[in-house]
Amino acid sequence: MFECNRGKPVSTALSAKLTNLLAQWIATSCWPISVVEDDGLELVLQAATGDPSYKLPARRTIMRRIHDQHAAEKAAKDEKMVDVRCVALTGDHWTSVNNDNYLGVTVHLIDASWELHSFALGVMKTEERHFAEACARQFLDVANQWGIADKISTIGTDSAPNMVAAGRILPFEHLPCVAHVVQRAIVMSLREGGFDGALAKCRKVVGHFKHSPANSDELNVQQSSLGQVQEPLVQDVPTRWNSTLEMIKRVRRNRDALHTTLSQQKHNLALPTNAEYEKLAKLEKLLEPCRYITELLGGDKYVSCSVVLPALCHLQHAMKISDDDPAYIVRFKAAFTKDLNQRRENINLEWLKVYPRFKDLKEPVWAKLKPALQPLGEENPEPPKKKTALLLIGSDSESDEETPEDNTVERYKVEPSASLDQCPLKWWSEHTAVYGKMAHIARKYLGTPATTVPCERLFSLAGHIVQKRRSSLSPENVNKLVCLSDWWKKEK
């Protein structure tokens, strides 16, 4: 224990400020409300304020401040959406550690300054079974709570049958998550490719080290002796995207360290053979483009929907069968291509075609949209530069017609295509005055996310809040804490 230097008592204004900051800290960093009963925290604040008589606010006081802060932040979000004509939603269901079901919904929009915004609308507890009608009604409830039901252009969900059926019921365009489509194709292909034996051995080897700290320490010693970076192995999880690829990479990268460590232990493990290591190396090359695409499409800081068709084209090219492919690779590629093509037909291609990517799609799309003056957005905004190479596939950047046209659409069509590194939102901010009639349509299509990854991130955040020690949180408090944490973290 230490004694605080005696100073002036904390003023009422400073006490109120500290209470607000504590509430914000608790919400942003996902601390339990009970932290305000911690004697150590109280001592720290007493020392910082110079007032040994300072007392932390009560839990009820903190919750009132959190409710007030949520109301203020929600009002600011409401104001941001007042002048927006189109928004896109993503939604998914999540089960907490307490076995409660929640519906998470995020919104995506482009404001008048051509800035892309993405934030949580809520995480609401659901009591009824997830039938299609119930899911549709829950989405409408969220939209009505925010007053945006008449502004929604699309709603993105996973490809679960109930969500797909709910999408048909709702009066919005439904966009299945493209990342889910890719991952499902991977799962089906692994079954057909004959990789089960090698992957099963990898899982057992990883489990041997993951479940024993002593084994893990011995592996670290061998990694250091071989001049390798000490890194843990990764166990693949069916619901965790790209985890199979990461498991393979770690096992192959630490092959020598693993074999040396296991040679000094008593175990019943069957290690991968040289032939199986060769199969794993080929599988890693096949899965790498899928990881690349999943990460590219999952971004929410840039326009992602216009990347979907080039991304699928890229995967088709990566899975093209060659004469040098062994039989198991041929089976994998054939199964992947077949499954992807089947699922591709259910991802609302008509909506995705409204981007000038492929020459053979351009004129039919224009013919469809021209009567309603529904123009296209420009090239996709800037994803990370290392991920733009695939966009070269099928791009029509060589189009540079100079023929003048009378109407807005025709003038827009002869504009030189944006470069791959140019952000379309920046382009539109500079050309809104010229193509003002088309601007709201550009916002409509460019603001639509390609995946439900924003919802997945929301559930990761909710998992930090609804823990075993906090499983009794009321649904109202869960919703407000998750939303505040999401809003404030994104503002930073």
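As the structure is a computational prediction, the values presented were derived from the model and not from experiment.

Engineer: Teacher, can you tell me more about the overall build of the chain here?
Structural biologist: When helices and strands are tallied, the chain shows 20 helices and five strands. Every one of the 492 residues in the chain was classed for burial, and the buried ones make up 53%. Contacts in the chain between residues far apart in sequence, at least 24 positions, make up 70% of those at least 6 positions apart. Surface summary for the chain: the accessible area is close to 23900 Å², and the carbon and sulfur share equals 51%.

Engineer: What's the story with helix H7 (residues 196-210) in this structure? I'm lost.
Structural biologist: Since the α-helix packs 3.6 residues into each turn, any two residues three or four apart lie on the same face. For H7, with 15 residues, the first-to-last C-alpha span of 20 Å sits near the 21 Å given by 1.5 Å per residue. Taken as a whole, H7 has its buried residues at Ala198, Leu199, Cys202, Val205, Val206, Gly207, His208 and Phe209.

Engineer: How do you make sense of the pattern of salt bridges when you look at a structure like this?
Structural biologist: Proximity of charged atoms lets side chains of opposite charge pair with each other. Throughout the structure, instances matching the rule amount to 19 salt bridges. A salt bridge links Lys55 to Glu42; its shortest N-O distance comes to 3.9 Å. Placement of the pair is Lys55 in the loop between helix H2 (39-49) and helix H3 (59-82) and Glu42 in helix H2, with a sequence separation of 13 residues. Of the residues examined, Lys55 reaches a relative accessible area of 55% and is grouped as exposed. Taking the relative accessible area as the measure of exposure, Glu42 reaches 16% and is therefore buried. The salt bridge partner of Arg203 is Asp236, with a shortest N-O separation of 3.0 Å. Of this pair, Arg203 sits in helix H7 while Asp236 sits in the loop between helix H8 (213-225) and helix H9 (243-253), placing them 33 residues apart in sequence. Looking at Asp236, the relative accessible area reads 11%, which means it is buried. When salt bridges with common partners are traced through the structure, they connect Glu231, Glu246, Arg250 and Arg253 into a single cluster.

Engineer: Where do I start with the pairing of strand S1 (residues 87-95) in this structure?
Structural biologist: Two faces, one strand: in a regular strand the side chains alternate between the faces of the sheet. Counting buried residues in S1 gives eight out of nine residues, a clear majority hidden from the surface. Where S1 meets strand S4 (residues 152-157), four bridges bridge the pair, whose relative direction is parallel. Note on S4: the bridge partner recorded for Ala88 is Thr154. Here S1 pairs with strand S2 (residues 101-110) via eight bridges, running antiparallel. By the bridge assignment for S2, Trp94 is matched with Tyr102. Counting the residues between successive antiparallel strands, the hairpin from S1 to S2 contains five residues, one of them, Asn99, with a positive phi of roughly 65°.

Engineer: Hey, could you run me through the sheet that holds S4 in this one?
Structural biologist: Each strand in a sheet pairs with its neighbour through backbone hydrogen bonds, running either in the same direction (parallel) or in the opposite one (antiparallel). Pairing in this open sheet of five strands is mixed, and the strands run S3-S2-S1-S4-S5 from one edge to the other. Only two strands of the sheet have a single neighbouring strand rather than two, namely strand S3 (116-126) and strand S5 (173-176). Here the average twist between neighbouring strands, direction ignored, is 25°. Against the sheet, helix H4 (residues 132-146) engages S1, S2, S3 and S4, with an angle of about 125° to S3.

Engineer: Would you mind going over the packing of aromatic side chains with me for this structure?
Structural biologist: Each aromatic ring pair is summarised here by two numbers: the centre-to-centre distance and the angle between the ring planes. By the definition in use, this model includes 10 aromatic pairs. Taking the centre distance of 5.6 Å and the plane angle of 40° together, the rings of Trp94 and Tyr102 count as tilted. With a relative accessible area of 15%, Trp94 lands in the buried category. On the basis of relative accessible area, Tyr102 is assigned to the buried category, the value being 2%.

Engineer: Where do I start with the pairing of S5 in this structure?
Structural biologist: As judged from the four bridges shared by S4 and S5, these two strands associate in the parallel manner. Looking at S5, one finds that Gly156 is bridged to Leu175. The parallel pair S4 and S5 is bridged by helix H5 (residues 161-169), and the resulting crossover is right-handed.

Engineer: Where do I start with the side chain of Asn254 in this structure?
Structural biologist: With respect to the element layout, Asn254 can be found in the loop between H9 and helix H10 (255-263). Among the polar contacts made by the side chain of Asn254, one reaches the side chain of Gln223 at a distance of 2.8 Å. Separated by 2.9 Å, the side chains of Asn254 and Glu231 make a polar contact. In this structure Asn254 touches Gln223, Gln228, Glu231 and Leu233, once residues within four positions along its chain are discounted.

Here is what the cut-offs are and how they apply
Residues numbered from 1 in each chain as written. Predicted model: local features only at pLDDT ≥ 70, side-chain atom pairs only at ≥ 80, totals over all residues. Heavy atoms only, no water. Helix = DSSP H or I, 4+ residues; strand = E, 2+ residues; numbered from the N terminus. Buried < 20%, exposed > 50% of the residue type's maximum accessible area, 1.4 Å probe, protein only. Contact = heavy atoms within 4.5 Å. Areas by Shrake-Rupley, 256 points an atom, 1.4 Å probe, with all protein chains shown as cover. Expected span 1.5 Å × (residues − 1). Salt bridge = Lys/Arg side-chain N within 4 Å of Asp/Glu carboxyl O. Pairing = 2+ DSSP bridges. Axes fitted to C-alpha atoms, helices over the stretch in contact; angles between N-to-C directions. Phe/Tyr/Trp six-rings, centres within 6.5 Å; stacked < 30°, edge-to-face > 60°. Right-handed = clockwise from strand over helix to strand, strands pointing away. Polar contact = N/O pair within 3.5 Å; in protein donor to acceptor, adjacent residues only side chain to side chain.

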